[in-house]
Amino acid sequence: DGRSHFQAQCPTAHVLPAVIVHSCACRSSSRHKSTERALDKYRLFLRQRGADQAGHMHGSLLEHLQGTLRLLQSWGCDPHVCRAGLFHSIYGTSIYGHRSVDLSERQLVKRLIGGDSERLAFLFCVADRPQAWLEALSGKALRHRITGAMHPIDRGTLTGLLEIESANLLEQAAGWDFVQQFLGLQTAHGLRLRPPIIAALRDGLARNQMQVQQGLT
């Protein structure tokens with residue numbers, strides 16, 4: 001038949017799939033190692049800036065940042081969003097005032113994690129959360145909570161910020177009033193977060209409501 005003829009002409013044809021699989025596995029392993037090396041570099045930077053010593057709700061700031069990163073990765077978020085999640089409060093936020101990095105050092109952070117990731121982290125820090133997200137759903141800009149400057153954002157940027165906020169809140173098991181309001185608004189405004197994120201938010205909200213009913217919170 002045709003297959004026998006092909007194998008006769010190319011005796012090594014039967015090993016090609018195994019070679020391709022091995023090649024793909026090697027590339028995947030190489031990407032994983034590269035990602036881990038980059039993450040090690042980011043963690044070292046955060047430790048040098050005292051994030052492992054700064055207190056947070058359930059431990060250190062570094063522990064919270066790493067927990068936020070893990071959630072974003074588990075949801076399959078874009079790499080630049082995951083990197084921003086690891087740095088999402090380094091400049092201090094409207095809720096968490098501690099600054100690991102001064103805003104004058106933005107260029108340093110850009111060189112470290114990339115411009116797209118740094119911009120998300122910057123916007124997350126300067127936004128008057130959570131009200132800023134609700135306002136941005138119907139508008140196209142975020143207001144700097146300190147200077148009053150308006151920062152234009154597109155729908156993709158807002159989605160990335162909300163993915164980070166979702167991981168931020170779930171990691172702390174906090175912000176349920178906003179989560180409930182947001183879940184009711186996001187569909188009406190045509191925003192579509194990833195299904196695993198919506199499922200995690202709904203599950204967390206349901207568990208919190210159950211705990212409230214049982215008098216556990």
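Residues numbered from 1 in each chain as written. Predicted model: local features only at pLDDT ≥ 70, side-chain atom pairs only at ≥ 80, totals over all residues. Heavy atoms only, no water.

Peer 1: Even after reading the chapter, I still don't get helix H3 (residues 61-74), so can you show me in this structure?
Peer 2: Since there are 3.6 residues in each turn of an α-helix, residues three or four apart along the chain are aligned in direction. For H3, which comprises 14 residues, the first-to-last C-alpha distance of 20 Å matches the rise-based estimate of 20 Å (1.5 Å per residue) to within 8%. Of all the residues in H3, the buried ones are Leu61, Leu62, His64, Leu65, Gln66, Gly67, Thr68, Leu69 and Leu72. Positive phi shows up at Gly76, right after H3, with a value of about 75°. (Helix = DSSP H or I, 4+ residues; strand = E, 2+ residues; numbered from the N terminus. Expected span 1.5 Å × (residues − 1). Buried < 20%, exposed > 50% of the residue type's maximum accessible area, 1.4 Å probe, protein only.)

Peer 1: When you look at the packing of helix H8 (residues 155-172) against helix H10 (residues 195-213) in this model, what are you seeing that I'm missing?
Peer 2: Each pair of packed helices can be described by the angle between their axes along with the distance between the axes. Viewed as axis vectors pointing N to C, H8 and H10 meet at an angle of 35°, and their least axial separation amounts to 11 Å. Here the hand of the crossing between H8 and H10 comes out left-handed. Each of Glu163, Ser166 and Leu170 in H8 lies in contact with H10, whose residues at this interface are Ile197, Ala200 and Leu201. Here the residues of the contact of H8 with H10 are counted per class, giving four nonpolar, one polar and one charged. (Axes fitted to C-alpha atoms, helices over the stretch in contact; angles between N-to-C directions. Left-handed = near helix turned anticlockwise from the far one by under 90°. Contact = heavy atoms within 4.5 Å. Nonpolar A, V, L, I, M, F, W, Y, C, P; charged D, E, K, R; others polar.)

Peer 1: What's the story with the pattern of salt bridges in this structure? I'm lost.
Peer 2: Using the criterion set out here, one finds eight salt bridges in the structure. As a salt-bridge pair, Arg129 and Glu165 come within 2.8 Å of each other at their nearest N and O atoms. In this pair, Arg129 sits in the loop between helix H6 (115-126) and helix H7 (131-138) while Glu165 sits in helix H8, placing the two residues 36 residues apart along the sequence. Using a relative accessible area of 8% as the deciding quantity, one classes Arg129 as buried. For Arg207, the salt bridge goes to Asp203, with nearest N and O atoms at 3.0 Å. Taken together, the residues span about one helical turn, with Arg207 and Asp203 both in helix H10 at a distance of four residues. Owing to a relative accessible area of 47%, Arg207 belongs among the partly exposed residues under this scheme. By relative accessible area, which is 42% here, Asp203 ends up partly exposed. (Salt bridge = Lys/Arg side-chain N within 4 Å of Asp/Glu carboxyl O.)

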